[in-house]
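Residue strings, one per chain:
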Amino acid sequence: VLPAQSRNPMERKIRVALVFGGRSGEHEVSLLSARSILDALDRDRYEPVLLGIDHDGRWHRQESATALLNTPGAPLHLDAAAPAVAVSPGDASGSLVTTGAGALAVGPIDVVFPVLHGTYGEDGTIQGLLEMASLPYVGSGVLGSSVGMDKHVAKQLLRAAGLPVVDWFTVRASEALDPAVVAQ
């Protein structure tokens with residue numbers, strides 16, 4: 001067993017922005033995922049910055065003490081009264097600011113941990129926004145995320161790379177009610 005590494009008390013904690021919630025139908029699942037990550041985060045090494053995205057796509061800075069509380073019998077939810085947040089584009093330090101009266105800098109963000117599920121989270125959109133704002137993040141990049149969400153494109157790329165892929169057919173939303181397509 002290796003001895004635990006001692007931590008220099010003067011060393012700054014890594015600021016991790018957890019981005020969760022979002023506009024997709026998987027909003028509540030994202031809140032549960034963020035709660036799990038927040039619970040597992042080593043507070044001696046990391047300082048969480050909680051950024052919840054509501055169903056309408058507005059970003060809010062959530063307070064650690066009240067965000068993602070799991071009250072028995074009640075679903076997790078965002079604090080809609082929390083200050084709105086905007087990305088500060090082009091800032092090499094990767095900062096965010098609250099908006100509205102008395103706008104304040106959220107401060108530098110060392111890394112973003114996107115905990116968004118489905119559309120606008122796993123499809124490359126949040127990754128593209130973070131790259132445009134020079135905010136480093138964990139997980140797949142824009143291309144990998146978008147290809148992973150588009151199963152038709154993913155299968156074409158895998159097959160083109162010579163990997164075995166079972167036969168498939170794609171039904172687009174505009175074709176879903178066409179009996180000729182559904183009968184295939």
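Preceding this section is the structure that the text describes.
In this text the structure is predicted, and so the values were computed from the model without any measurement.

**Student:** Got a sec to walk through helix α1 (residues 27–40)? Specific residues and values, please.
**Tutor:** Given a rise of 1.5 Å per residue, 14 residues ought to cover 20 Å, and the 20 Å separating the end C-alpha atoms of α1 matches this to within 8%. By the burial criterion, the buried members of α1 are His27, Ser30, Leu31, Ala34, Arg35, Ile37 and Leu38. The buried side chains of α1 occupy one side of the element, clustering within an arc of 165 degrees when seen end-on. The exposed residues of α1 that point more than 90 degrees off its buried face are Asp39 and Ala40. As for α1, its buried residues are in contact with β1 (14–21), β2 (46–53) and β7 (111–116).

**Student:** Which residues make up unusual backbone geometry, and what values do they have?
**Tutor:** Of note in the backbone geometry, Tyr120 takes a positive phi value of approximately 70 degrees without being a glycine. Its location among the elements puts Tyr120 in the loop between β7 and α2 (125–132). Judged by relative accessible area, which is 38%, Tyr120 ranks as partly exposed. The residue Ser134 is not glycine, and still its phi comes out positive at about 60 degrees. Inspection of the secondary structure puts Ser134 in the loop between α2 and α3 (142–149).

**Student:** Talk me through the pairing of β2; I want residue IDs and the actual numbers.
**Tutor:** By the criterion of burial, β2 is predominantly enclosed, with 6 of the 8 residues buried. Where β1 meets β2, 8 bridges bridge the pair, whose relative direction is parallel. In the strand pairing of β2, Val16 is matched with Pro48. For the crossover from β1 across α1 to β2, the handedness is right-handed. Both β2 and strand β3 (residues 59–62) contribute to a ladder of 4 bridges, which runs antiparallel. Note on β3: the bridge partner recorded for Ile53 is Trp59. Connecting β2 to the antiparallel partner β3 that follows it, the hairpin turn spans 5 residues, and Gly57 within it adopts a positive phi of roughly 90 degrees.

**Student:** Go over the pattern of salt bridges, please, and point to the residues and values.
**Tutor:** All told, the structure shown has 6 salt bridges when counted by the stated rule. Of the charged contacts in the structure, one is a salt bridge between Arg15 and Glu47, with a shortest N-O distance of 3.3 Å. Of the two residues, Arg15 sits in strand β1 while Glu47 sits in strand β2, which places them 32 residues apart along the sequence. Residue Arg15 is classed as buried on the basis of its relative accessible area, which comes to 9%. By relative accessible area, Glu47 is classed as partly exposed at 32%. Taking the shortest distance from any N to any O, the salt bridge between Asp39 and Arg35 comes out at 2.6 Å. Of the two residues, Asp39 and Arg35 are both situated in helix α1; the distance of 4 residues between them amounts to about one turn of the helix. Here the residues in one salt-bridge network are Asp54, Asp56 and Arg58, joined through shared partners.

**Student:** Account for the nonpolar core, with residues named and values stated.
**Tutor:** Membership of the largest hydrophobic core comes to 17 residues, with the highest contact counts inside it found for Val19, Leu51, Trp59, Ile109, Val112 and Leu135. For this core, the elements supplying multiple residues, two or more each, are β1, β2, β4 (85–87), β7 and α2. A total of 3 residues in this core trace back to one element, the largest contributor, which is β2. Core analysis: the second largest hydrophobic core is formed by 11 residues, Leu31, Ala34, Ile37 and Leu78 among them.

Scoring rules and cut-offs
- Residues numbered from 1 in each chain as written.
- Predicted model: local features only at pLDDT ≥ 70, side-chain atom pairs only at ≥ 80, totals over all residues.
- Heavy atoms only, no water.
- Helix = DSSP H or I, 4+ residues; strand = E, 2+ residues; numbered from the N terminus.
- Expected span 1.5 Å × (residues − 1).
- Buried < 20%, exposed > 50% of the residue type's maximum accessible area, 1.4 Å probe, protein only.
- Arc of directions from axis to C-beta.
- Contact = heavy atoms within 4.5 Å.
- Pairing = 2+ DSSP bridges.
- Right-handed = clockwise from strand over helix to strand, strands pointing away.
- Salt bridge = Lys/Arg side-chain N within 4 Å of Asp/Glu carboxyl O.
- Core = buried A, V, L, I, M, F, W, Y, C linked by side-chain atoms within 4.5 Å.

So far we have only geometry, and geometry alone does not tell us how the molecule works.
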